[in-house]
Amino acid sequence: MANTFGFGGMSNHIADMTFSKYIFIIGANPAVNHPVSMVHILRAKESGAKIVVVDPHFSKTAAKADEYHRIRSGTDIALVYGMLHHIIKNNLYDKKFLEERVYGYEDVMQEAMKMTPEEASDITGIPADTIRHIAEDMAKAKPASLIWNQGLTQHTVGTSNTRIMPILQMFLGNMGKNGGGVNILRGHDNVQGSSDMAANPDVLPGYYPLTESSWKHFAKHWRVEYDWLLSRFKDKKMMEATGFAHSTWKFGVLEEENAVNNGDTMLRALVVIGTGMTSVSLLDLQKKAMDKLELVVFIDPYVNDLAIYSDKTDNVFLLPAASQMETSGTVAATNRSYQWRSKVMEPLFECREDQEILFDFAKRFGFLEEYQRSLYEIAKADGRTEFIWPDDATTELTQSIRSIGLQGMSPKRLKAHQENWHMFDKVTLAGKGPFKGEYYGLPWPCWSDKHPGTPVFYNDTIPVMEGGMGFRVNWGDTSPDGKSMFSQRKMPNASVGGHGPVSAANVESLGIKLTEEEKKLVEGTTYSTGFGNNILVEKALEAGLCPYGNGKARAKVWNWYDQIPLHREPVHSIRPDLINKYPQFPDKPNHFRANIKYRSRQIEKDWTKEFPINMLSGRVVSHMGTGTETRSAKYLAEVYNEMFVEIHPDKAFELGIKDGDMVWVYGTMDTRALIKAKLSYRVDVNSVWVPQNFSGMDQGVSRLDKYPEGTKPYAIGESANMISSYGYDYNTACPETKCGLCRIEKA
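Definitions and cut-offs
Numbers given to residues run from 1 along each chain, matching the order in which its sequence is written. In keeping with the model being predicted, local features are shown solely for residues with a pLDDT of at least 70 and side-chain atom pairs are shown and tallied solely at 80 or more, while totals for entire chains, interfaces and linings include all residues. Only hydrogens and water are removed before side-chain values are computed, so all heavy atoms of the structure are retained for them. UniProt positions are given in the numbering used here, feature names are shortened, and annotations may be inferred rather than shown by experiment. By this definition, two strands are paired if DSSP reports at least two bridges between them. Secondary structure follows DSSP: runs of H or I at least 4 residues long count as helices, runs of E at least 2 residues long count as strands, and numbering of each begins at the N terminus. Points on a 1 Å grid over protein atoms alone make up a cavity when a 1.4 Å probe fits among them but cannot get out, and a pocket when they form an open set with protein on both sides within 12 Å along at least five of seven lines; lining residues each have an atom within 4 Å of a point. Grid points are joined across faces, edges and corners, and a volume is the space filled by probe spheres set on the points. Each residue is assigned to one class: nonpolar for Ala, Val, Leu, Ile, Met, Phe, Trp, Tyr, Cys and Pro, charged for Asp, Glu, Lys and Arg, and polar for all the others, Gly among them. Within this document, salt bridges are pairs made up of a side-chain nitrogen of Lys or Arg and a carboxyl oxygen of Asp or Glu, the two lying within 4 Å of each other. Buried, partly exposed and exposed residues are distinguished by accessible area as a fraction of the type maximum, computed with a 1.4 Å probe on protein chains only: under 20%, between the cut-offs, and over 50%, respectively. Patch members must show over 30% relative accessible area and no salt bridge, and they are joined within 9 Å when carrying like charges or within 5 Å when they are nonpolar side chains of Val, Leu, Ile, Met, Phe, Trp or Tyr. Surface accessibility in these figures is a Shrake-Rupley result with a 1.4 Å probe; residues are shielded only by whichever protein chains are displayed. Centres within 6.5 Å make a pair out of two Phe, Tyr or Trp rings, where for Trp the six-membered ring is used; the pair is then stacked when the planes are under 30 degrees apart, edge-to-face when over 60, and tilted otherwise. Lysine and arginine charges are scored as sitting over a ring when NZ or CZ, respectively, is within 6 Å of the ring centre and within 35 degrees of the ring normal. Charge counting follows a simple rule: Lys and Arg are positive, Asp and Glu are negative, and His as well as the terminal groups are ignored. Contacts are assigned to residue pairs that have any heavy atoms within 4.5 Å of one another. Orientation is described by axes fitted as lines to C-alpha atoms, over the contacting stretch for helices, and by angles from 0 to 180 degrees between their N-to-C directions. Those domain boundaries reflect an automatic or database domain assignment. As used here, buried area is the combined drop in accessible area, with a 1.4 Å probe, of two parts when they are placed together. For any pair of crossing helices, the crossing counts as left-handed if the nearer helix is rotated counterclockwise from the farther one by less than a right angle, and right-handed if it is rotated clockwise.

Under an unreviewed UniProt entry, the protein has the name Formate dehydrogenase and belongs to Helicobacter equorum. Heading Sequence similarities (unreviewed entry) of the UniProt record for the protein holds this comment: "Belongs to the prokaryotic molybdopterin-containing oxidoreductase family." UniProt's Subcellular location (unreviewed entry) comment on the protein is quoted here verbatim: "Cell envelope".

Okay, structure coming up:
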């Protein structure tokens, strides 16, 4: 979403679903993965909202829904096009919204008219009349909310999935409305914050691109010279190159051909801080890559699961990091609200806080002074000789990350919200008393210390100083075909209608007057690249303008391979009869520094002859992520204490398997896993389902002896990612773990 419509994250917020009349959940299981969000969904149901779940697996969320529809995994785009076909044919779409606020919707309409509900039914497995029924109900519900999670993203077409869903909502006019929008639920308390702070290898903090101008922007805020930053890289090309992804690093160790993508060298060392390495696909290749590395460092409160899979006998270091209870600072919730977290206790034993470990690294590498310089400058401006952590770091990041509007999130404001949370409405997030005119957590964009935050994206019917905004203008004033990328609507109190990002070059053309002194201070800057002042942003707010512009959303992305979302069969499709009609992407060289196969892998052979069963994956409610922490808690481990595979009783009978039997599940990468069979009607006869929350077993062999003394978890099991199939999103390299193929044999 960040690349096509404006920003990433939830467009609305969890409690806002109370205003929904229809909640469409696809590729998500909030009852298990986001139980707090599920409470709000059930409250919406109590208020009259209809809950509809589309999922290949009958989940705990599906059990609470008004309707459940089983879909073949990897066919979400076909479903939406089938819905849009019916919506367009019956004039159930919001024509005014599309004309005024969306670019390229005509191309989507043309594609939708090719995908009849009957064709969509053949692809998805959902009856054509059911597709029409879902389309009509959702179109008539005003407003309707759409929820997804990793069931949509972990596919080769994951990015296209996350484009087609907002497109559906724009056709229905549900964007920018309370109770509407697209709501991507985050699984941990700071997933959104990690994304905002450049956990992605293709951006800088705040989603700034890896360009010279962006590096120079941060050089100013970090108080270092751009040339010094450049000297830390092999050359300028590498400074501006996308890095390895979490899912592709192993190919930089194992495949010599990828050296050219990595400055002509293979990866030799790996440092892991705060991420579950067994949460991505092809664990066997990760193990082989780790064994080949010269140095591996894990920084974690618990033993990282990948560490125990290695057979390395030296140069593997486990550095004990402090837990969230032993640290303080900001975390970003799923709705883009930043919340201050206070330290509950000092770190135990030899555990250290993350910044202390990183400061120590910087000192030993010889750049501690540069690393901390901005913190000392902020302290100096406040009359201090020492910086305060994390307060001054928060000040630095909120002043430097202007692209998504963090300027208004001062530590003082965030702490005041935390200490007075009872002064905010639990449904609207609106403050009361001294916090009137603010929303809890100041959800970004929060453009200034007077801005209230933005609880609902893209609402252009309210003034920007009440949280209003149009779509961001980030692709130029016009499209390649010469069409304006500005909205045809004018926001309340705005000096002009549709407009581009506010900059020193265009500010006066927007009806904003600057003094000569102000012109000097903002010369050569934009709303997102200023330093030392917030003049352009504050002037824009005074004029009723959103700093990043008021434009049209791109339903058509002219610089991507698939300019509009297209259904493509999974690399390992259970329907080989469809792979030529809906082929995979072409192979992609240098994709996050690895050469990744798509079409060549898909047509390598008929995978279903050897692997005739579709493999699905998900999570169980008692374990979080890979279960590293929760399986070390005895009571949580007792709830789910062993790995299992759900098999339809008819398939089990066909294979001679009984409930409780141990079975071998063979994956398409010459790996296998020893798992207990659990007969269940929650899967269809051609699919099985495995949880992703286990590790500690390696293809039938326990790795418990690899844990340091006193760190063994109470429960172990085979990792689902030992048998996951090869496949990666064409834009993000997110692993395709939600549909693959397998073979099952009784052990």
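Reading across the sheet, the 3 strands line up as β23-β22-β24 and stay open at both edges, with mixed pairing between neighbours. Two strands close off the open sheet at either side, each with one partner strand: β23 (701-702) and β24 (717-718). Of the pairings in the sheet, the one linking strand β22 (residues 696-698) to β23 comprises 2 bridges and is antiparallel in character. Considered in β23, the bridge of D698 is made with V701.

What follows covers the layout of surface pockets. Put simply, the second largest pocket is a space of about 1,100 Å³. Sorting the residues of the lining of the second largest pocket by element identifies α1 (30-33) and α2 (35-46) as the ones contributing at least two each. The biggest single contributor to the lining of the second largest pocket is α2, with 5 residues. Of the residues assigned to the lining of the second largest pocket, the class counts are 14 nonpolar, 16 polar and 7 charged.

With that settled, the discussion passes to the pattern of salt bridges. By the definition in use, this model includes 47 salt bridges. For the salt bridge of K287 with D698, the shortest nitrogen-to-oxygen distance reads 2.7 Å. One end of the pair, K287, is in helix α16 (residues 283-292); the other, D698, is in strand β22, with 411 residues separating them in the sequence. The exposure class assigned to K287 is buried, which follows from its relative accessible area of 14%. Judged by its relative accessible area of 8%, D698 is buried. As a salt-bridge pair, D311 and R703 come within 2.9 Å of each other at their nearest N and O atoms. With a gap of 392 residues between them, D311 in the loop between α17 (305-309) and β11 (316-320) and R703 in the loop between β23 and β24 connect regions that are remote in the sequence. Shared partners join several salt bridges into a network, and the residues in it are K96, E100, R101, D460 and R489.

Glancing now at a nonpolar patch on the surface. A contiguous nonpolar surface patch, about 540 Å² in accessible area, is contributed by M325, V344, M345, L348 and F349. Take V344: its relative accessible area is 59%, and that puts it in the exposed class.

Here we come to the packing of aromatic side chains. Applying the stated criterion across every chain yields a total of 32 aromatic pairs. Each ring, one from F367 and one from Y371, has its centre 6.0 Å from the other, and the planes form 90°; the classification is edge-to-face. By relative accessible area, Y371 is classed as partly exposed at 37%. An angle of 55° between the planes, with centres 5.8 Å apart, marks the rings of W444 and F457 as tilted. Here W444, found in the loop between α21 (411-419) and α22 (516-522), pairs with F457, found in the loop between α21 and α22; they are 13 residues apart in sequence, far enough to count as distant. Aromatic rings pair up to connect W228, F359, F361, F365, F367, Y371, Y376, F387 and W389 into one cluster. Positioned over the ring face of Y226 is K216, at 5.2 Å from the centre of the ring. Cation over ring: R743 sits above Y666, and NZ or CZ is 4.3 Å from the ring centre.

Right, let's get into the side chain of K738. Of note, K738 is situated in the loop between β24 and β25 (740-746). An unpaired buried charge is present at K738: no salt bridge exists, and D55, the closest side chain of opposite charge, is 8.5 Å distant. Once you skip the residues sitting within four places of it in the chain, K738 turns out to touch S73, Q150, G151, Q154, H155, M615, L616, S617, G618 and Q692.

Quick look at the pairing of strand β19 (residues 662-667) now. Of all the 6 residues making up β19, 5 are buried; the element is thus mostly covered by neighbouring parts of the structure. In terms of strand pairing, β19 meets strand β20 (residues 672-679) through 5 bridges, oriented antiparallel. Bridge pairing in β20 links V663 to I675. Counted between consecutive antiparallel strands, the loop separating β19 from β20 contains 4 residues, among which D670 sits at a positive phi close to 60°.

Attention shifts here to the UniProt feature "domain: Molybdopterin oxidoreductase" (unreviewed entry) in the protein. Under the UniProt annotation, "domain: Molybdopterin oxidoreductase" (unreviewed entry) lies at residues 10-364. Between the end C-alpha atoms of residues 10-364 the distance is 40 Å, and the span holds 41% helix and 14% strand.

The strand order across the open sheet formed by 5 strands is β3-β2-β1-β5-β6, and the pairing between neighbours is parallel. Edge strands, defined here as strands with exactly one partner in the open sheet, are β3 (67-69) and β6 (182-184). Across this sheet, the average inter-strand angle for adjacent strands is 20°, counted without regard to direction. In terms of strand pairing, strand β1 (residues 22-26) meets strand β5 (residues 144-148) through 4 bridges, oriented parallel. Each bridged residue has a counterpart across the sheet, and for F24 the counterpart in β5 is L146.

Glancing now at the domain arrangement of the protein. Per the domain assignment, the segments making up the protein are domain 1 (1-184), domain 2 (191-408), domain 3 (473-547) and domain 4 (607-746). In total, domain 2 and domain 4 occlude about 2,100 Å² of area from one another, counting both sides; carbon and sulfur atoms represent 60% of this. Inspection of the region where domain 2 meets domain 4 yields 3 salt bridges. Contributions of two or more residues to the side of domain 2 that touches domain 4 are made by α16 and α17. Tallying contributions element by element places α16 first for the side of domain 2 that touches domain 4, with 4 residues. By residue class, the composition of the side of domain 2 that touches domain 4 is 11 nonpolar, 6 polar and 5 charged.

Here helix α12 (residues 212-222) crosses helix α20 (residues 391-400) at 145°, and the two axes come no closer than 10 Å. Where α12 crosses over α20, the two elements pack in a sense that is right-handed. Between α12, through H217, F218, H221 and W222, and α20, the contact on the second element is made entirely by E396, Q399 and S400. Residues that form the contact of α12 with α20 fall into these classes: 2 nonpolar, 4 polar and 1 charged.

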